[in-house]
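One letter stands for each residue in the lines below.
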Amino acid sequence: MNNEQLTRMVTGKGFIAALDQSGGSTPKALLHYGISQDAYQSEEQMFDLVHAMRTRIITSPAFTKDHILAAILFENTMDRSIEGMPTAEYLWKQKGIVPFLKVDKGLADPADGVQLMKPIPDLESLLARAVKQGIFGTKMRSVIKEANTKGIKQIVEQQFAIAKIILQAGLVPIIEPEVDIHSIDKQASENILKVEIAKHLASLNAEDRVMLKLSIPTKPNFYAALQKEAHMVRVVALSGGYTRNKANTLLAKNHGLIASFSRALTQDLHVDQSDEEFNKILATSIATIYEASIT
């Protein structure tokens, strides 16, 4: 583990840029950026286009360590280069931004009110590659749809079981059991989730350090105790489909909770914008999310 990066994640001011759309979500990300599916004929062409979009964001003068602590990458992005440097190396050496890697392979079919993660084949080899690339930590997402105690327990058990494998590889896992913001019993799900997370945190080794990525809670400062837990590097919030303004407003009500936004970060960017316009819009987006994160 890189101690300089750990210190930055624990004490630094800013937020995490989630640039980790995978194969399933990339077409939607490109469409929001102004690139329709008829603009590419293969998966490789699709990934070329999304890497060009991410490169434009990362190399922008607005994308700096002054506001951004870290960035989460998709595996395909980690394996590519920016300005002749591997992406993770570019982020850290050129930008001072800590690189994370999305490791999950998507969601299983709904059962017991939740969606567990699909199996992650060859996880150990992926983690070994990540370490060689200079990745600091990982991210993996599950989704909670209903306040189903059995399902939520399964979600947390799966997340922590994989987190322990990640910890053994020397990386810091971001555990992401997302509660659907449209759930009719969102607060009840959060109540169950918090209890289960606390139980599993208590089972970690003393030296283990983890992060949580959670939906912005219904009740402000609901996760304050988890933010202070001894194993916790940082608790961060996902935007979950909220607009940037809505996500920022809700986030600002939670002291010490910082953003890890994806769609809310990039919602106004477009492929046809001039570099000047693109950088100005990105700078505004970054500034507003930063302000909500340091409240």
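To be clear, the structure that these remarks concern was listed above.
Right, let's walk through the structure included here.

Conventions and cut-offs
- Residues numbered from 1 in each chain as written.
- Predicted model: local features only at pLDDT ≥ 70, side-chain atom pairs only at ≥ 80, totals over all residues.
- Heavy atoms only, no water.
- Helix = DSSP H or I, 4+ residues; strand = E, 2+ residues; numbered from the N terminus.
- Rg over C-alpha atoms; globule rule 2.2 N^0.38 Å.
- Buried < 20%, exposed > 50% of the residue type's maximum accessible area, 1.4 Å probe, protein only.
- Areas by Shrake-Rupley, 256 points an atom, 1.4 Å probe, with all protein chains shown as cover.
- Lys, Arg positive; Asp, Glu negative; His and termini not counted.
- Charge placed at Lys NZ, Arg CZ, Asp CG, Glu CD.
- Core = buried A, V, L, I, M, F, W, Y, C linked by side-chain atoms within 4.5 Å.
- Contact = heavy atoms within 4.5 Å.
- Arc of directions from axis to C-beta.
- Salt bridge = Lys/Arg side-chain N within 4 Å of Asp/Glu carboxyl O.
- Pairing = 2+ DSSP bridges.
- Right-handed = clockwise from strand over helix to strand, strands pointing away.
- Phe/Tyr/Trp six-rings, centres within 6.5 Å; stacked < 30°, edge-to-face > 60°.
- Lys NZ or Arg CZ within 6 Å of the ring centre and 35° of its normal.

1. Some remarks on the overall build of the protein chain
1) Next: Tallying secondary structure elements over the protein chain gives 12 helices and 11 strands in all.
2) Next: A compact globule built from 295 residues would reach a C-alpha radius of gyration of about 19 Å, and the protein chain, at 18 Å, matches this within 12%.
3) Next: Evaluated residue by residue, the protein chain yields a buried proportion of 54% over its 295 residues.
4) Next: Of the roughly 12,600 Å² that the protein chain leaves accessible, carbon and sulfur atoms contribute 51%.
5) Next: For the protein chain, the centre of its 33 positive side-chain charges and the centre of its 33 negative side-chain charges are spaced 6 Å apart.

2. Describing the nonpolar core
1) Next: F63, L193, I197, F261 and L265 are the most contacted members of the largest nonpolar core, which has 81 residues in total.
2) Next: Excluding its chain neighbours within four sequence positions, the residues that come into contact with F63 are A17, L19, I57, I58, I68, A71, L91, K95, I97 and I286.

3. Side note on helix α6 (residues 123-133)
1) Next: Among the residues of α6, L123, L126, L127 and A130 are the ones counted as buried. Buried residues of α6, seen end-on, are gathered within an arc of 100 degrees and therefore sit on one face of the element. The exposed residues of α6 that point more than 90 degrees off its buried face are E124 and K132.
2) Next: Buried positions along α6 lie against α4 (75-78), β5 (98-102), β7 (137-144) and α7 (149-168).
3) Next: Immediately downstream of α6, the backbone of G134 shows phi near 90 degrees, a positive value.

4. Here's the deal with unusual backbone geometry
1) Next: Phi at D112 is positive, roughly 55 degrees, even though this residue is not glycine.
2) Next: Checked against the element boundaries, D112 lands in the loop between β5 and β6 (114-115).
3) Next: Backbone geometry places N221, a non-glycine residue, at a positive phi of 65 degrees.
4) Next: Within the secondary structure, N221 is located in the loop between β9 (210-215) and α9 (224-227).

5. Side note on the pattern of salt bridges
1) Next: For the coordinates displayed, the defined rule picks out 16 salt bridges.
2) Next: Linking K139 and E176 is a salt bridge whose minimum nitrogen-to-oxygen distance equals 3.1 Å. Of this pair, K139 sits in strand β7 while E176 sits in strand β8 (residues 172-179), placing them 37 residues apart in sequence. A single burial state applies to K139 and to E176, both of which are buried.
3) Next: When the shortest N-O distance is used, the salt bridge between E190 and K186 registers 2.6 Å.

6. Overview of the pairing of strand β1 (residues 15-19)
1) Next: For β1, a buried count of five out of five residues is recorded, marking the element as mostly surrounded by other parts of the structure.
2) Next: In this sheet, strand β2 (residues 68-73) lies alongside β1 in parallel orientation, the contact comprising five bridges. In the strand pairing of β2, L19 is matched with L73.
3) Next: Examined bridge by bridge, β1 and strand β11 (residues 258-261) share two bridges and lie parallel to one another. Bridge assignment links I16 to a residue of β11, and that residue is S260.

7. Some remarks on the pairing of β7
1) Next: In terms of residue burial, β7 counts as a mostly covered element, since seven of its eight residues are buried.
2) Next: The sheet contact formed by β5 and β7 spans three bridges and is parallel. Counted as the bridge partner of F100 is G137 from β7.
3) Next: Taken together, the two bridges between β6 and β7 define a ladder with antiparallel strand orientation. Across the sheet, the residue bridging to Q115 is V143, located in β7.
4) Next: For the crossover that starts at β7, traverses α7 and ends in the parallel β8, the hand is right-handed.

8. What to know about the environment of L265
1) Next: Examined against the element boundaries, L265 turns out to sit in helix α11 (residues 263-266).
2) Next: A residue is classified by how much of its surface remains accessible, and L265, at 1% relative accessible area, is buried.
3) Next: With 26 residues separating them along the chain, L265 and S239 place their C-alpha atoms 9.1 Å apart.
4) Next: Setting aside its immediate chain neighbours within four residues, L265 contacts F15, A17, L19, R244, L282, S285, I286 and I289.

9. Focus on the packing of aromatic side chains
1) Next: All told, the structure shown has three aromatic pairs when counted by the stated rule.
2) Next: When the ring of F47 is compared with that of F74, the centres are 5.6 Å apart and the planes differ by 35 degrees; the resulting orientation is tilted. Here F47 is found in helix α3 (residues 43-58), whereas its partner F74 is found in the loop between β2 and α4, with 27 residues between them in sequence.
3) Next: Taking relative accessible area as the criterion, F47 reaches 6% and is therefore assigned buried.
4) Next: Above the ring of F278, the side-chain terminus of R56 is found at 4.0 Å from the ring centroid.

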